[in-house]
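Architecture at a glance
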Amino acid sequence: RARIRNHVGWAVEACEALRALPGVRIVTEPRLSLFTFALDSDEKTENLLNKINDDGRIYLTQTRHKGAYVIRVQVGQFDCTRDDVMAIPAVVAELMR
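Residues numbered from 1 in each chain as written. Predicted model: local features only at pLDDT ≥ 70, side-chain atom pairs only at ≥ 80, totals over all residues. Heavy atoms only, no water.

In this section: the nonpolar core. Leu18, Phe35, Phe37 and Leu60 are the most contacted members of the largest nonpolar core, which has 28 residues in total. Residue assignment for this core shows that the elements contributing at least two residues are helix H1 (2–19), strand S2 (34–38), helix H2 (42–55), strand S4 (68–74) and helix H3 (82–96). In terms of residue count, H3 provides more of this core than any other element does, 7 residues in total. Here leucine 18 is in contact with Val24, Ile26, Phe35, Phe37, Ile88, Pro89 and Val92, once residues within four sequence places are set aside. (Core = buried A, V, L, I, M, F, W, Y, C linked by side-chain atoms within 4.5 Å. Buried < 20%, exposed > 50% of the residue type's maximum accessible area, 1.4 Å probe, protein only. Helix = DSSP H or I, 4+ residues; strand = E, 2+ residues; numbered from the N terminus. Contact = heavy atoms within 4.5 Å.)

Put into structure tokens, the structure is as follows:
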């Protein structure tokens, strides 16, 4: 139970950190430990996801929401830590520069 509570809380924290980044839009709010975000176009969002995964520090996936290309964040790896989760907004911020 504590692990799930942590994952849910960390997902909310990461979501809020991403929301604070200029140009990032939270598309779906956290449900348990899953949420999605995007930039202002599918092309920019896809390019960002490619940069993220090519960088190799974190790995995120994509899906479509109401036809728009979005990046999925799912916190749930058994042994992840808060630092692992908070690397998501840090890496995104760095790669958006």
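Let us now look at the side chain of threonine 45. Following the sequence through the fold, threonine 45 ends up in helix H2. A relative accessible area of 0% places threonine 45 in the buried class. In this structure the side chain of threonine 45 is engaged in a polar contact, spanning 2.9 Å, whose partner is the backbone oxygen of serine 41. With residues up to four places along the chain from it excluded, the contact list for threonine 45 reads Phe37, Ala38, Leu39, Tyr69, Val70 and Ile71. (Polar contact = N/O pair within 3.5 Å; in protein donor to acceptor, adjacent residues only side chain to side chain.)

The 4 strands lie next to each other as S1-S2-S4-S3, forming an open sheet whose pairing is antiparallel. Where the open sheet ends on each side, the last strands, each with one partner, are strand S1 (25–31) and strand S3 (61–65). With direction set aside, neighbouring strand axes in the sheet form an average angle of 30°. Examined bridge by bridge, S1 and S2 share 4 bridges and lie antiparallel to one another. Residue pairing across strands places threonine 28 opposite threonine 36, the latter belonging to S2. (Pairing = 2+ DSSP bridges. Axes fitted to C-alpha atoms, helices over the stretch in contact; angles between N-to-C directions.)

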